[in-house]
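Structural features, examined
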Amino acid sequence: MTKYDDLIEYLLRVGDSAVVKGQRLCEWCGNAPALEEEMALMNVGLDLIGQARNWLDYAAELIDDGRDADQLAYCRDERAYRNLLLVEQPNGDFAVTMAKQFFYDAWQYHMLQGLVESSDERVAAIAAKALKEVTYHLRRSSEWVQRLGDGTEESHQRMVAGVEEVWRFTCELTVGDEVEQRLAEAGVIPAPEAIAEAWKATVSEVLTAATLTVPEEARSFYLNGRNGVHSEHLGILLAEMQFLQRAYPNATW
Amino acid sequence: MYAQMVETGAKRVKTLEEMSPEERAFQERIDAEVKIEPKNWMPDAYRKTLIRQISQHAHSEIVGMLPEGNWVTRAPTFKRKLQLMAKIQDEAGHGMYLYSAMETLGADRDEEVEKLHNGRAKYSSIFNYPTLNWADMGAVGWLVDGAAIVNQVVLQRTSYGPYSRAMIRICKEESFHQRQGYEILLTMMQEGNEAQKEMVQDAINRLWWPALMMFGPSDADSPNSAQSMAWKIKRHTNDELRQRFIDQTVPQLEFLGCTAPDPDLKWNEERGHYDFGEIQWEEFYEVIKGNGPCNRERIETRRNAIEDGTWVREAAVAFAEKKKKQQAAA
Ligand SMILES: [Fe+2]
Ligand SMILES: [Fe+2]
Ligand SMILES: [Fe+2]
């Protein structure tokens, strides 16, 4: 174990989550409920893919085995992917998409606020740029959760179902593991408990304002994105995303 | 060009003597290159023609996202993915911007979109062709955005103020798209392997003729051109623009090290232009009529997006009204 192992692991987690979430947003292209949303979903996706590249660039430098960010994203198998289970879930309808987006944005927001203070300068710099973007993402997804939750009878029902659909995957947002504990002690990342508390507060505030019930805390069972034990959806997503790099290894694009 | 066949309703162009005083003042204003603004009087036919033209253009921007959306989930690197996502976002922006310009003429965006979905409104025929390999993302940027620019650069001087201003803004982004598309192809040709080079030539083979068709029917078959030219909502004929596009594109094609699927394409010293082969007009009219390779899928995708999103838009309206009432009560 080198002194960077924990940090590499963590960079892969945040980077992979951003790339997978961005990929899901790409799937909305041409299918959004309004032109304004067409632009907004692509815009958020663009930010996330950009963030993913920054995190994975840094990870690649620390791994230092000749791979770059592209190879990390496009040539790792699903078992090596470290993203949250939440972000790999299918888009479903706009309510499911917004539920996923909101839970993820709230997590990113609180995490990045801590990362801005990181003892690792590079992490702090990447986080500072990302935080500006994510502040807007969170505002937008919070607004949509409220619009849909407190809109029409149909949108309310769909938002209830959307939250219900993905809530079970939120356990990963509120429980840190040993890697994160060690990084937190070293001042590289904020304490997982602090992120969890802040996340729960934001979620409860927004869901309540949206006339939705805050579900009981989700419990983890078997699956674990951080250790590469994913749902079946990730492999298919990666097969599509990685197609060209896999079919034409070492090609320049 | 994104508006290929715009009906003007005019059999022939009226002379100044035949016009009413209002019409004459309007035409003189146009002849003097003074922009027409939304509050100015304008002939009904001018208004209707412009609505058709701008809405066709806007629809094209939106439908045009679909062939690119087909590859955005498969872009090969971070750089290419980010570029393509940004381009698609730009196109959505162009659509919105053009719909706004169209609404200054009293048209309604939802109504015009409805016409697109039920097949009564047109959009550029080019977007009814499938994108079948990654090089298509380069070829679309280079040839399709490239052809659009040739048309739109002249539309920057179009007589209707809001349309002209929209074009100025949009053209900047389209040229960026074109350079980016060309760079995709250049990278594949200069640094790529054999398979990648084949992709590039294949993309050009499939998109070359459809790109030339973007300029619309030949002048002999463009009955609406004369009126549109008199109104200065069109400033050059289809064939002039097509020639201009070919003349500027062939050197770029040669620099790539690729060929066009046209044995008749060659420099004509006397004319100072490239000669080129006969366009398959039958194919063009079939695609325009809705029988192209992807017409059905494109419209279905757009219709489904808007229909499936109805409950979302209704929720947004209901929520906004609730908030308004709550504020009024407070
Ligand atoms: Fe455009
Ligand atoms: Fe355009
Ligand atoms: Fe473009």
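For the structure, check the block above.
Report follows, based on the coordinates. (Residues numbered from 1 in each chain as written. Chains lettered and ligands numbered in written order. Predicted model: local features only at pLDDT ≥ 70, side-chain atom pairs only at ≥ 80, totals over all residues. Heavy atoms only, no water.)

Digging into the overall build of chain B
Regarding its fold elements, chain B presents 13 helices and 2 strands. Rg of the C-alpha trace for chain B: 21 Å, near the compact-globule value of 20 Å for 330 residues, within the 12% margin. Restricting to contacts in chain B with at least 6 residues of sequence separation, those with at least 24 account for 79%. Entry remark: accessible area of chain B is about 14,200 Å², with carbon and sulfur atoms responsible for 52%. On chain B, the mean spot of the 43 positive side-chain charges and the mean spot of the 50 negative ones are 7 Å from each other. (Helix = DSSP H or I, 4+ residues; strand = E, 2+ residues; numbered from the N terminus. Rg over C-alpha atoms; globule rule 2.2 N^0.38 Å. Contact = heavy atoms within 4.5 Å. Areas by Shrake-Rupley, 256 points an atom, 1.4 Å probe, with all protein chains shown as cover. Lys, Arg positive; Asp, Glu negative; His and termini not counted. Charge placed at Lys NZ, Arg CZ, Asp CG, Glu CD.)

Some thoughts on the coordination of the iron ion (ligand 3)
Residue and element names in this part refer to chain B. Binding of the iron ion (ligand 3) to the protein goes through Glu91 (OE), Asp145 (OD), Glu174 (OE) and His177 (ND1), at separations of 1.9 to 2.2 Å. The site at the iron ion (ligand 3) holds 4 donor atoms, and with the angles between them running 93 to 145°, its shape is irregular. In primary-sequence terms, the residues that donate to the iron ion (ligand 3) follow E-x53-D-x28-E-x2-H. (Donors = N, O, S within 2.8 Å, 3.2 Å for Na, K, Ca; no water. Tetrahedral: all angles 85-135°; square planar, octahedral: opposite > 155°, others 65-115°.)

Looking at the packing of helix H5 (residues 94–115) of chain A against helix H10 (residues 192–209) of chain A
Residues and elements named next belong to chain A. Here H5 crosses H10 at 140°, and the two axes come no closer than 9 Å. The angle between the axes of H5 and H10 places the two elements in the oblique class. Judged by the sense of rotation from one axis to the other, the crossing of H5 with H10 is right-handed. Residues Phe102, Phe103, Ala106, Trp107, His110 and Met111 of H5 touch H10, and the partners they reach there are Ile195, Ala198, Trp199, Thr202, Val203, Val206 and Leu207. Of the residues assigned to the contact of H5 with H10, the class counts are 11 nonpolar, 2 polar and no charged. (Axes fitted to C-alpha atoms, helices over the stretch in contact; angles between N-to-C directions. Parallel < 35°, antiparallel > 145°, perpendicular 65-115°, else oblique. Left-handed = near helix turned anticlockwise from the far one by under 90°. Nonpolar A, V, L, I, M, F, W, Y, C, P; charged D, E, K, R; others polar.)

Considering the pattern of salt bridges
Oppositely charged side chains may form a pair once their charged atoms are brought near each other. Residue and element names in this part refer to chain B. Taken as a whole and judged by the stated rule, the model has 41 salt bridges over all chains. Between glutamate 23 and lysine 14 there is a salt bridge whose closest N-O contact spans 3.1 Å. One salt bridge in this structure joins aspartate 44 and lysine 48, with 3.2 Å as the shortest N-O distance. With aspartate 44 and lysine 48 both in helix H2 (residues 44–63) and 4 residues apart, this pair spans about one turn of that helix. According to the relative accessible area criterion, aspartate 44 is partly exposed, its value standing at 47%. On the basis of relative accessible area, lysine 48 is assigned to the partly exposed category, the value being 47%. (Salt bridge = Lys/Arg side-chain N within 4 Å of Asp/Glu carboxyl O. Buried < 20%, exposed > 50% of the residue type's maximum accessible area, 1.4 Å probe, protein only.)

Quick notes on the packing of helix H1 (residues 5–26) of chain A against helix H2 (residues 35–63) of chain A
Any two packed helices are characterised by how steeply their axes cross, that is the angle between the axes, and by the distance between the axes. Residues and elements named next belong to chain A. Packing of H1 against H2 brings their axes to within 7 Å, and their N-to-C directions diverge by 155°. By the criterion of interaxial angle, the relationship of H1 to H2 is roughly antiparallel. Here H1 and H2 pass one another in a crossing that is left-handed. Here the contact of H1 with H2 is built from residues that sort into 19 nonpolar, 4 polar and 2 charged.

Describing the packing of aromatic side chains
All names here are of chain A. Applying the stated criterion across every chain yields a total of 18 aromatic pairs over all chains. When the centroid spacing of 5.8 Å and the interplanar angle of 90° are considered together, the rings of tryptophan 28 and phenylalanine 94 count as edge-to-face. Separated by 66 residues along the polypeptide, tryptophan 28 in the loop between H1 and H2 and phenylalanine 94 in helix H5 bring together distant segments of the chain. By relative accessible area, which is 10% here, tryptophan 28 ends up buried. Ring pairs connect the aromatic residues Phe102, Phe103, Trp167 and Trp199, which therefore count as one cluster. (Phe/Tyr/Trp six-rings, centres within 6.5 Å; stacked < 30°, edge-to-face > 60°.)

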